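Structure at a glance
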Amino acid sequence: MIALKLGLTANDVKNVIIWGNHSSTQYPDVNHAKVNLQGKEVGVYEAVKDDSWLKGDFITTVQQRGAAVIKARKLSSAMSAAKAICDHVRDIWFGTPEGEFVSMGVISDGNSYGVPEDLLYSFPVVIKNKSWKFVEGLPINDFSREKMDLTAKELSEEKETAFEFLTIA
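An account of the accompanying structure is given in this report. Because the structure is a prediction, the values reported are computed rather than measured.

**Regarding the sheet that holds strand S1 (residues 13-14)**
In space, the three strands of this open sheet follow the order S1-S4-S5, with antiparallel pairing throughout. Looking at which strands have only one partner, the edges of the open sheet turn out to be S1 and strand S5 (40-43). Sheet topology note: the S1/strand S4 (residues 34-37) ladder contains two bridges and is antiparallel. By the bridge assignment for S4, Lys14 is matched with Lys34.

In structure tokens, the structure reads:
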């Protein structure tokens, strides 16, 4: 969406973060993302120059993408999930380029972003030698904190529900 908005290719956009759950509470965060504009690396907010779109329609469109795919195809969004799996395998196998990171659903233990332990949560990670590490030290503004907490709350509730079913079985 960022590339389309700017008339670029997806390869010209890097370090967009998806925080949290794979649901309508996921938070696509471009605060640390960069685009290549005419050979110069520029922050997404500076390049797009439309804060209300970035904090509104951009987020909600990404959050509803899975449902939109199902509605448009009248079929499962399984191919989208399959593509994500392929991208993850590629990233694990080849690693992330220097200065770049990817978002990946990983166990939250040991994160520095205030996400509760023991959740599978999407974080920015770097991958080297087939091992991932959290990207550390990214500043989180109040807007992002609220979105990150909301998706963590949903994941915690889903985890509780899953464990309730396990104790019944």
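**Some thoughts on the pattern of salt bridges**
Scanning the entire structure with this criterion turns up eight salt bridges. Lys14 is the salt-bridge partner of Glu41, the closest N and O atoms lying 2.7 Å from each other. Here the residue Glu41 occupies a position in strand S5, and Lys14 occupies one in strand S1, the gap between them amounting to 27 residues. Measuring nitrogen to oxygen at the nearest pair gives 2.7 Å for the salt bridge that ties Asp87 to Lys83. Separated by four residues within a single helix, Asp87 and Lys83 lie in helix H6 (residues 78-94), roughly one turn from each other. Several salt bridges converge on common partners, so that one network encompasses Lys83, Asp87, Arg90 and Asp91.

**Remarks on helix H7 (residues 142-168)**
Taking 1.5 Å per residue, 27 residues should reach 39 Å; H7 reaches 39 Å between its end C-alpha atoms and fits that length. Along H7, the positions that sit buried rather than exposed are Ser144, Met148, Thr151, Ala152, Glu154 and Leu155. Those residues of H7 that are buried are in contact with strand S2 (17-19), strand S3 (27-29) and strand S7 (120-128). N-cap assignment for H7: the residue whose side-chain oxygen lies 3.3 Å from the backbone N of Phe143 is Asn141.

**Side note on the sheet that holds S7**
With respect to topology, three strands assemble into an open sheet ordered S6-S7-S8, the strand pairing being antiparallel. Each edge of the open sheet is held by one strand with a lone partner, namely strand S6 (102-107) and strand S8 (131-134). When strand polarity is set aside, the average angle formed by the axes of neighbouring strands in this sheet is 60°.

**Examining unusual backbone geometry**
Residues other than glycine seldom take positive phi values, yet Asn15 does so here, at roughly 65°. Residue Asn15 is classed as buried on the basis of its relative accessible area of 7%.

**Focus: the environment of Gly39**
Among the secondary structure elements, Gly39 is positioned in the loop between S4 and S5. Accessibility expressed as a relative area gives 68% for Gly39, which makes it exposed. Residues Gly39 and Gly99, 60 residues apart in the sequence, show an inter-C-alpha distance of 16 Å.

**Concerning the nonpolar core**
Grouped together as the largest cluster of nonpolar side chains are 36 residues, with contacts concentrated most on Ile2 and Phe123. When residues of this core are traced back to their parent elements, those giving at least two are helix H1 (2-6), S2, helix H2 (44-48), helix H3 (51-55), helix H4 (57-63), S6, S7 and H7. Looking at which element gives the most residues to this core, the answer is S7, with four residues. Sequence-distant contacts of Ile2, that is, excluding residues within four places in its chain, are made with Val13, Val30, Val35, Val44, Trp53, Leu54 and Phe58.

Conventions used here
Residues numbered from 1 in each chain as written. Predicted model: local features only at pLDDT ≥ 70, side-chain atom pairs only at ≥ 80, totals over all residues. Heavy atoms only, no water. Pairing = 2+ DSSP bridges. Helix = DSSP H or I, 4+ residues; strand = E, 2+ residues; numbered from the N terminus. Salt bridge = Lys/Arg side-chain N within 4 Å of Asp/Glu carboxyl O. Expected span 1.5 Å × (residues − 1). Buried < 20%, exposed > 50% of the residue type's maximum accessible area, 1.4 Å probe, protein only. Contact = heavy atoms within 4.5 Å. Polar contact = N/O pair within 3.5 Å; in protein donor to acceptor, adjacent residues only side chain to side chain. Axes fitted to C-alpha atoms, helices over the stretch in contact; angles between N-to-C directions. Core = buried A, V, L, I, M, F, W, Y, C linked by side-chain atoms within 4.5 Å.

By themselves these figures say nothing about function.
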